[in-house]
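# Architecture at a glance
Spelled out from the first residue to the last, the chains are:
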Amino acid sequence: MFSFLTVFALAIVVLFAGLFGLRKHLFWILATGLTAAFAVGIGEWIGYDPAVEGPKVLAGMLSFDYYALSFGAVALGAMWLIALMSGFSFRHLNKSLGDHYGLMLFSLCGAFCLFSYESLLMLFLGVEILSIPLYVLAGSQRRSLASNEAALKYYLMGSFATGILLFGIALLFGSTNSLDLQGMHTYLAGSLERPGLFYTGLLLVFMGMSFKVAAVPFHFWSPDVYEGSPTLVTTYMSTIVKMAAFAAFFRLASTFGIAAEHWAPIVAGLSALTILVGNGTAVYQSRFKRLLAYSSISHTGYLLLGLLAGTPGAGGAMFLYLLSYVTATIGAFAVFQLATGDSGKEEISVFNGLAKRNPWLAFSMAVSVLSMAGIPPLAGFFGKYFLFAGALAHWPWLVVVALLGSAVGIYYYLRLIAAMYFTPADDDAHEIDVPWAYAVVALVCTVLALALGVAPGYVMGLV
Amino acid sequence: MEYLFYALSTLSIVFALYMVLARNPVHSVLALILTFFAIAGHYILLNAQFLAVVHVIVYAGAIMVLFLFVLMLLNLNTDNEPQKSNMWKILAAISAGMLLVTLVAAMKDSEQLVVLRSNQVLPDQGLVHNLGKLLFTKYVAPFEISSILFLAAMVGAVLIGKRGMQDDPML
Amino acid sequence: MAHMLPLIPAFPLIGFLIVGLFGKNLPKTVTGGIASLAVLASFVVSVLVFGEISSTHHAVESQMFTWLKAGDWNIGFSLMADQLSGWMMLIVTGIGFLIHVYSVGYMHDDEGFHKFFAYLNLFVFSMLLLIMGSNFLILFFGWEGVGLCSYLLIGFWYDNAEYGKAARKAFIMNRVGDLGLLLGIFLMFTQFGSVNFSDVFQPELVASKDPGVITAICLLLFVGAMGKSAQIPLYTWLPDAMAGPTPVSALIHAATMVTAGIYMVVRSNVLYSASPDAMAVVAGVGLATSLFAAVIGLRQNDIKKVLAYSTVSQLGLMFLALGMGAYATAMFHVTTHAFFKALLFLGSGAVIHALHGEQDIRNMGGLRKMLPFTYAIMLIGTLAISGFPLLSGFFSKDEILEQVYLNGGTLLWGISLISALITVTYMSRMLFVAFHGEFRGTHEQAHHLHKPGLSMAVPLGILAVLSVFGGLLNTPHFLHLPSPQWMAEWLKPVLDHAHGAADAHGGGHHDSGLALQLMAVATVLSLAVMGGCWWIYSQKKHLPVSDAAQEGFTKVVAGKFYVDELYDWLFVRPTEYLSRFLHDVYDRLVVDGLVNGLGKGVVALSGQLRKLQTGNIETYLLGMVLGASALLAVLYML
Amino acid sequence: MELLLIPFAAALLAIFVRGDGARYLALGATLTNLGVTLWRLVGFQTDGSFNHETNLPWIPELGASFHLGFDGISMLLVLLTNILAPIIVLTTWKRDFGQAGRFYGLFLLMQGALVGVFSALDGLLFYVFWELALIPIYFICAIWGGDDKNRITLKFFIYTFFGSLFMLASLIYMQQKAGSFDLNALYAVELAPSEALWVLLGFFLAFAIKMPIFPFHTWQPDTYTVAPTGGTMLLSGIMLKMGLYGAMRWMVPMAPEAFVGQSTWMMILAVIGIVYASIIAVRQSDLKRMIAYSSIAHVGLIAAGVFAFNREGLQGGLVQMLNHGINVVGLFFVCDLLEHRLGTRDLAKMGGVAKTAPRMAVLFMVVMLGTVAVPLTNGFVGEFLLLNAVWQANAALAAVAGLTIIFCAVYMLRAYQLTMFGPTGPRTENVADVDLVETLPLALLVALILVLGVYPQPVLDLTAGSVERLIQAAGL
Amino acid sequence: MLPLQHPELINQYILLSALLFCIGALGVLIRRNAIVVLMCIELMLNAVNLLFAAFSSFLGNADGQIFVFFIMVVAAAEAAVGLAILVMVYRNTRSVDISFLDKLKG
């Protein structure tokens, strides 16, 4: 809870600092604040005692349990890495830098709500707090048509999806006479015959969440928005936002686990569809951000498997997967930003010959990409492993689909590797100067991708 | 009172349809405002008096005025909004219709709802006194947190809405 | 004595290693000397071992080490010498030594001199392994080893691509036979649980097995023999094998290696005797080969090719004898054949050597006067093979004919007699065309004749003596020479348990009068045919016409019945076409096509899927609405 | 354990070594590893128990542990890996890789992963090493490969990865039944027939692609051809044994009953592969490609023997894995020597090298004879046992499989003829004979070929106990 | 009133909201003017509001009405941001026609 408040306070501090022209110091303020928030979060995690404090805080609206605290810490860590990258990405910003940082932090607050919500109201608020700053950030390159388009698409579809989500919540409320998860539990435990209203509401809420996590057929926004947004915002969206949405989704799914027979087949279908469409479309992409967008859709598909598992360990598996996915994605985007530099080129060819020019950068990228592809012994493999293993007992066909999808996935991930290692560089390509901040990002991501594979069980036990 | 419900329902549906189908955006705005009034009527029927008031103030009073303002600002108050092809319209209508049908069909056997009804009758639950108490006790956390939302929306709207930031070439 | 057994193959192996590794840097005489001495040493030890056997009448065996022990297999690397292998050892090392000596002279100018001797030593080693192995696997080692050496020596002059082809053909055809042999060994193992000679060749045990299985084993083994001993249908490699240097032809492709098949069948006589069907097949194949090869030999003009077909034909005769159950007779013919065929080959080598590589008899003629010693040698050889009375071939061939008559009936006897007479015909033809009449070679050849040197002449002389007197090894009883039927007696311990075999009554049970009559008929006819040939080729100076001018049946004969072409058409080309088809079409388009098609399918699908992402918000929204209704519909149905 | 650590540590080190030092580092590391391996053979228990076990906790939630151990089978394959590694380093001694450190780093990484694959006694660990082995070889092939390398290596990677995903599925399934990844725990699982079949097929697909056997082989000729020869040697000499080893250790004992029901068609596929690849090899004009196809044929025979799953088959398969590794490395080395001397791999453009490079010709001859499986060379031992194993399972199949004896002679002799024999051409007139650095690895291989051919029993003794135990574990 | 006299009316309310919701969705689908699309979304939100209010009344649970307030809050904030985005887009493209925004695709 306190890390959440720290983030909120930090957002306001940053906002005002920006307003008062402390442009030079903004980054350090941000970094200090994030570090503090992270430290507070860790402290909370260590100090957390389910028996003593009771799981519910903030009047039964938010509950900062291990689950929320762990995800919160990861989100803070990710934010910290993104902040490191911002020095370069936002270097052209002057007066509005504080606003950008502030919006990101606000959005992060939304993510915290999603990690810890206990009431559907907080779910709704969290989704909105997460999204509204992002609508703005997506369009923050005001002169860029692509950015405008991304913002408008994201906004329109997001609002539409919010409508669906709300309709679902309303139906749930009507059928269970409750808004909080505890109440839902009670209701589920008490009634065996549940009206169609309830399931419809549940399904609509799931659809709303599917939009947030970009599951087919509610995924259409994501490739366009990822591509059109400024790269750093894309990084933020594809990592923290996706993680928050999934954390929330999983909380929901585990709450309604008892009624799984009514939604699990649908989620399974969505998962299969998402894996196929995500991987299938990614194969054809030649622009990096778009490629990662589709790859991210395919990861959504795999993560949906985690919702189906219905085992207590599934949360840990989701956590591990998201952690590995987030680190890999940040690592990949960091290298991409450096490789593309100011050229604005988005093609995969910006990586051509990177291994010759910047071997360590290429290595870091390769590790990230292979981790995303799920090659052992990298972190991504274990993420996939636990998700697939959890779903295998009840959904063997889906696991087969997921495996096939992974095989297809290899194809486009390897294209990135091939570009870096096996394709000669363009004539005008030269060695890239790596700012220290990026070096740190790449190092952290690489080390994490390698290290998570050593003790995945430990990480899973954190949530 | 049933007929009052049906009358209001008919009105709201008609206005809503008009809003959707009107060629002139301004007509749409006006139709929507009328729809909102009809909905406010429903709120009163439902014993949600305070809600009805807030609804009228926020929606009809604030949000729709904002819409109208933007419409005027951008000079879009004409009938010549480009239309989609009929084919597309039919497709869209079928889709929306399917959504309705499936939605309603999925909500079958809702009779069981009655089980959940509390036997207490709370004629004053929609009054400001009652709601305020709830808002500042049980819902104090979301209430506070929604400030983040407003702050974010404000900063955001300013960020992309303000003109001329010469020092930020990317903007 | 057993401890000396490994020495026999060890000497040539050591010779091979020394000559092979260091031969290039040694003088030729040293190289040749080492190689020859190695074989000589083997010969000496063989004689000692032979003496031991003849005095004790016991086989000598030497276990060296366990070569392979896996699953049910337990195969020792062990050698043995009994009467049969002892005799073969003498032939191999003895004739081998002579040919080594001969080669020192013959190969003197060849740049691959040391390599040649290395290969020869390796061959002797392998051959000794073949005949001394005490189980089928060691036999198989030698079996393949001699095949390998044969390959190496046929392709000895490797810059000639044709020779390389011949070498490969030999190896591959042998391998076809080897596969049969190997499968035979497998089947034997499944039946007997062992492939040791001592375990398998127990008549009672064999009798207790299903006769069909025994027949199958025998036939599979015989496939191996067909390959090695050049029987129909696997004979075509042997004539081509003449591409190798002539001493090789003499040693490998006449005297020793090609008789390995006969050795193996004799060795397995217990099995064969238990299977009349297999015996019939052996006899049939032998007879057919004998006749067929002899006919082809009639129209060959290459001196070595004539001898090659003659070898095939004689081997057929030996198999015929085996098929009749006359194992000792076959071994007897193996021996005499080794003498006279080695003699003939070495003699022809002398001719070729003298004429600087000329091999076509039509370009010879009148060599009788120019090369009198060689002529004498060739004459002895020809008379021996033709069965001229009292020469070695006379005894062995007549014994075969007699056995055929006794066990196979008149018809078979008649056919084999015809085959023998044809042999007389082409041998006489070769002799008279090449040595009588006028010289038809170039002036150059006539004036630069290479007379055989001492190292060539001495072995020739020794072999000539052996060819003349070799028949005394197994004289019929009715001639009342000392130690009649010595060889049959000698081999008796090995063959003794062969029940119902012809040799069992080889001793005087049969009618001496009949034998004499048969002998007389054969001899008279042979002499008549020889006379006829002398008339045609020596007196009338009839010359074989060129290949192009031949027509009708003679053309078919001269074309070797187009068997090579048939094989080419039946096996080689289909394989090559199939190879191209499988690689270029099937593998690439079908198998890989499926794999690539899958990949391409995914990419194509991707190309279609991305069209879903139109960029237009309206379609996105429509997609969402439709998706939502679809999911709701699914929920409704659940 | 240190058999793993040495290459991994050396790999890490090699990356930082500039210039030629990496070569010496790689040679030193591989030789050290070989030394350690040989040292480990002293006092080695060949009764089928696991020697030098290492068991560290890893992911207790899954019952996965870092469990390594060496029985005869593992040891044989580790031995193969560690014998071939220094030899391959030597064969690449004169090749220019741009940055040698990268090549040898990847090489050593690969070596470590291979040792890991062969010694892992934990399902997950096995899988991790299995995939880990794929990455360096992919880089090696794709960085230093020939024409069209990107497409071909991509296909190779995806194809093999695709297969192993199914193995992973089977492994996960087994783990859920057993609650642990421990080898023995997995062996102990009783599966219903329908489950067993799927588990079996999952494993089979992975191993069949890796080996590869018909019809999953199409990645192989392309990849072998395009890869740098060092990589090809790794692929063909060691890596394909992963599939065979996996079938032996992991596939069959997991689902023995299902395997018994399916083994016939598995053997049929393997045997088809033998004949199929042999026939194709008969007309290949590219030497490297021909060897690649010949490798399919040989592996087909090993696979057929392994699928026969009797003592002869497993023993023969193991001994033949060793032998094939040795022979095929020799063949590819000769191919590499010729390619660098003549600038071509086209057989039609070679010929007569025996005249100018007699030493090479002799060494090549022995390697070729080993491949053709002439008795008293190593190839014969394996082929003999394997054919016998197939014979015991199905005599007719053995007769067909036996065709390899003939076909192998056909294409190998043809290749030898076209390269070494015949008249010298303009390309081959001035070919240099092998020098010391080149002779050394080749001579080592030749020595191994002969020694193992004449006296194979030590190798058989090494594996006999383990094979016995494996057959018992499978209850066959 | 509803809870007192006509509890069965809840079904009609549900139907009404579903209908309004779908009309809103229809508008979203058929209109090209982004502002009108926004308005249609507002209509959808209002349908939800109505539903909440109906349930609240039906169940005697004021939580539903509280939720409606929050929806209004969010709707207002969203509308503000949305219109700002629209204005920005309009400045760049001189149009608020959503059909023209299809540069990002594939």
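Residues numbered from 1 in each chain as written. Chains lettered and ligands numbered in written order. Predicted model: local features only at pLDDT ≥ 70, side-chain atom pairs only at ≥ 80, totals over all residues. Heavy atoms only, no water.

Turning our attention to the overall build of chain E. Scanning chain E from terminus to terminus reveals 4 helices and 0 strands. Its helices and strands in sequence order give chain E the pattern α-α-α-α, from N to C terminus. Computed over the C-alpha atoms, the radius of gyration of chain E is 17 Å, more than 25% above the 13 Å expected from 2.2 N^0.38 for a compact globule of 106 residues. Along the first, second and third principal axes, the C-alpha atoms of chain E reach 55 × 25 × 25 Å. Residues counted as buried form 82% of the 106 residues belonging to chain E. Across chain E, every contact between residues at least 6 apart in sequence was considered, and the portion connecting residues at least 24 apart equals 56%. Per element, the accessible surface of chain E, about 2,100 Å² overall, is 61% carbon and sulfur. (Helix = DSSP H or I, 4+ residues; strand = E, 2+ residues; numbered from the N terminus. Rg over C-alpha atoms; globule rule 2.2 N^0.38 Å. Buried < 20%, exposed > 50% of the residue type's maximum accessible area, 1.4 Å probe, protein only. Contact = heavy atoms within 4.5 Å. Areas by Shrake-Rupley, 256 points an atom, 1.4 Å probe, with all protein chains shown as cover.)

To continue, consider the overall build of chain C. Assigned secondary structure in chain C consists of 27 helices and 2 strands. Counting all 638 residues of chain C, 61% fall into the buried class. At a minimum sequence separation of 6, the contacts of chain C that also span at least 24 residues come to 81%. The averaged location of the 38 negative side-chain charges in chain C is 9 Å from the averaged location of its 33 positive side-chain charges. (Lys, Arg positive; Asp, Glu negative; His and termini not counted. Charge placed at Lys NZ, Arg CZ, Asp CG, Glu CD.)

All right, on to a nonpolar patch on the surface then. All names here are of chain C. Together, I14, L17, I18, L21, F22, L26 and V30 give the surface a local cluster of nonpolar side chains, amounting to about 590 Å² of exposed area. The element best represented in the nonpolar patch is helix α1 (residues 7–22), accounting for 5 residues. With respect to the element layout, L17 can be found in helix α1. Note on L17: relative accessible area 42%, which makes it partly exposed. (Patch = residues over 30% accessible without salt bridge, like charges linked within 9 Å, V, L, I, M, F, W, Y side chains within 5 Å. Salt bridge = Lys/Arg side-chain N within 4 Å of Asp/Glu carboxyl O.)

For any two aromatic rings, the description comes down to two numbers: the centre-to-centre distance and the angle of the planes. Residues and elements named next belong to chain C. Per the stated rule, a full pass over the model turns up 119 aromatic pairs over all chains. Geometrically, the ring pair formed by F136 and F197 is edge-to-face, given 5.1 Å between the ring centres and 85 degrees between the ring planes. Taken together, the positions of F136 in helix α5 (residues 136–154) and F197 in helix α7 (residues 197–200) put the pair 61 residues apart, joining distant regions of the chain. Taking relative accessible area as the criterion, F136 reaches 0% and is therefore assigned buried. Since its relative accessible area comes to 4%, F197 is described here as buried. Relative to F571, the ring of Y567 has its centre 5.9 Å away and its plane inclined at 65 degrees; by these criteria the two rings are edge-to-face. Highlighted residues: Y567 and F571, both in helix α26 (residues 563–612), separated by 4 residues, approximately one helical turn. Classification of Y567 as buried rests on a relative accessible area of 14%. (Phe/Tyr/Trp six-rings, centres within 6.5 Å; stacked < 30°, edge-to-face > 60°.)

Turning next to the interface of chain A and chain B. Contact with chain A, which involves 47 residues of that partner, is made by 36 residues of chain B. Across the interface of chain A and chain B, roughly 3,500 Å² is buried in total on both sides, 74% from carbon and sulfur atoms. Our enumeration of links across chain A and chain B arrives at 2 residue pairs in polar contact (both at pLDDT 80 or more). Every element with two or more residues in the side of chain A that touches chain B is listed here: α1 (2–19), α5 (97–116), α6 (120–138), α7 (145–176) and α9 (196–213) of chain A. In terms of residue count, α6 of chain A provides more of the side of chain A that touches chain B than any other element does, 8 residues in total. Classifying every residue of the side of chain A that touches chain B by side-chain character gives 27 nonpolar, 13 polar and 7 charged. (Buried area = accessible area lost by both parts, 1.4 Å probe. Polar contact = N/O pair within 3.5 Å; in protein donor to acceptor, adjacent residues only side chain to side chain. Nonpolar A, V, L, I, M, F, W, Y, C, P; charged D, E, K, R; others polar.)

Take the side chain of S229 of chain C next. Mapped onto the elements of the fold, S229 of chain C is located in the loop between α9 (211–228) and α10 (237–240). Leaving out residues up to four positions away in the same chain, S229 of chain C has contacts with V258, T259, A260, G261, I262, L315 and F319 of chain C.

This next bit is on the pairing of strand β1 (residues 51–59) of chain D. Residues and elements named next belong to chain D. As paired elements, β1 and strand β2 (residues 64–70) share 6 bridges and run antiparallel to each other. Looking at the pairing, N55 lines up with H67 of β2. Taking the residues that link successive antiparallel strands as the turn, the β1-β2 hairpin has 4 residues, and the phi of G63 there is positive, at about 70 degrees. (Pairing = 2+ DSSP bridges.)

As a further point, take the interface of chain B and chain E. The partner chain E presents 74 residues to the 86 residues of chain B that form the contact. Where chain B packs against chain E, one counts 1 salt bridge. Residues K138 of chain B and D63 of chain E are paired through a salt bridge, measuring 2.8 Å at the closest nitrogen-oxygen approach. Across the chain B-chain E interface, the total number found is 10 residue pairs in polar contact (both at pLDDT 80 or more).

Time to look at α5 of chain A. Under the 1.5 Å per step criterion, the end-to-end length of α5 of chain A is 29 Å for 20 residues, consistent within 8% with the ideal 28 Å. With 20 of 20 residues buried, α5 of chain A lies mostly within the body of the structure. (Expected span 1.5 Å × (residues − 1).)

Applying the stated criterion across every chain, the model contains 33 salt bridges over all chains. The partner of R290 of chain A in a salt bridge is E227 of chain A, with the nearest N and O atoms 2.5 Å apart. With R290 of chain A in helix α13 (residues 288–309) and E227 of chain A in helix α10 (residues 221–228), the pair connects residues that are 63 residues apart, well separated along the chain. Here R40 of chain D and E2 of chain D are joined by a salt bridge, their closest N and O atoms 2.2 Å apart.

Residue and element names in this part refer to chain A. Position of R357 relative to the elements: it lies in helix α15 (residues 354–357). By relative accessible area, which is 14% here, R357 ends up buried. Among the polar contacts made by the side chain of R357, one reaches the main-chain carbonyl oxygen of V350 at a distance of 3.3 Å. What R357 contacts, discounting residues up to four positions off in sequence, is V350, F351, N352, A425, A429, H430, E431 and I432.

Between all 8 pairs of chains that are in contact, chains B and E come out with the most contacts. Between chain B and chain D there is no contact; the minimum C-alpha to C-alpha separation amounts to 36 Å. Across the gap from chain D to chain E, with no contact made, the nearest C-alpha atoms are 24 Å apart.

If you check helix α2 (residues 9–30) of chain E, its first and last C-alpha atoms are 31 Å apart, about what 22 residues at 1.5 Å a residue would give, namely 32 Å. Across the 22 residues of α2 of chain E, 18 count as buried, placing the element largely inside the fold.

Time to look at the nonpolar core. Among the nonpolar cores identified, the biggest contains 787 residues, and L108 and F351 of chain A, L271 of chain C together with F207, M251 and F307 of chain D are the most heavily contacted of them. Excluding residues that lie within four positions of it along the chain, F207 of chain D makes contacts with F126, W130, M167, G243, G246, A247, W250 and M251 of chain D. (Core = buried A, V, L, I, M, F, W, Y, C linked by side-chain atoms within 4.5 Å.)

Attention now moves to the pairing of β2 of chain D. In terms of burial, β2 of chain D is a largely internal element, 7 of the 7 residues being buried. Of the two faces of β2 of chain D, both are covered, the one formed by A64, F66, L68 and F70 of chain D as well as the one formed by S65, H67 and G69 of chain D.

To continue, consider the environment of G349 of chain C. Residue and element names in this part refer to chain C. When you line up the elements, G349 lands in helix α16 (residues 327–354). Sequence separation of G349 and A250 is 99 residues, and the distance between their C-alpha atoms is 8.9 Å. Setting aside residues no more than four positions away along its own chain, G349 makes contact with Y102, Y106 and T246.

Look at the link from I232 of chain C to P233 of chain C: it is a cis peptide, with omega at 5 degrees. With respect to the secondary-structure elements, P233 of chain C resides in the loop between α9 and α10. Residues M211 of chain D and P212 of chain D are joined by a peptide bond in cis, for which omega reads -10 degrees. Within the element layout of this structure, P212 of chain D appears in the loop between α8 (193–210) and α9 (219–226). Although it is not a glycine, D148 of chain D adopts a positive phi angle of roughly 60 degrees. Structurally, D148 of chain D can be placed in the loop between α5 (123–144) and α6 (149–178). Unlike most non-glycine residues, A373 of chain D shows phi in positive territory, near 65 degrees. Along the polypeptide, A373 of chain D turns up in the loop between α15 (358–372) and α16 (378–393).

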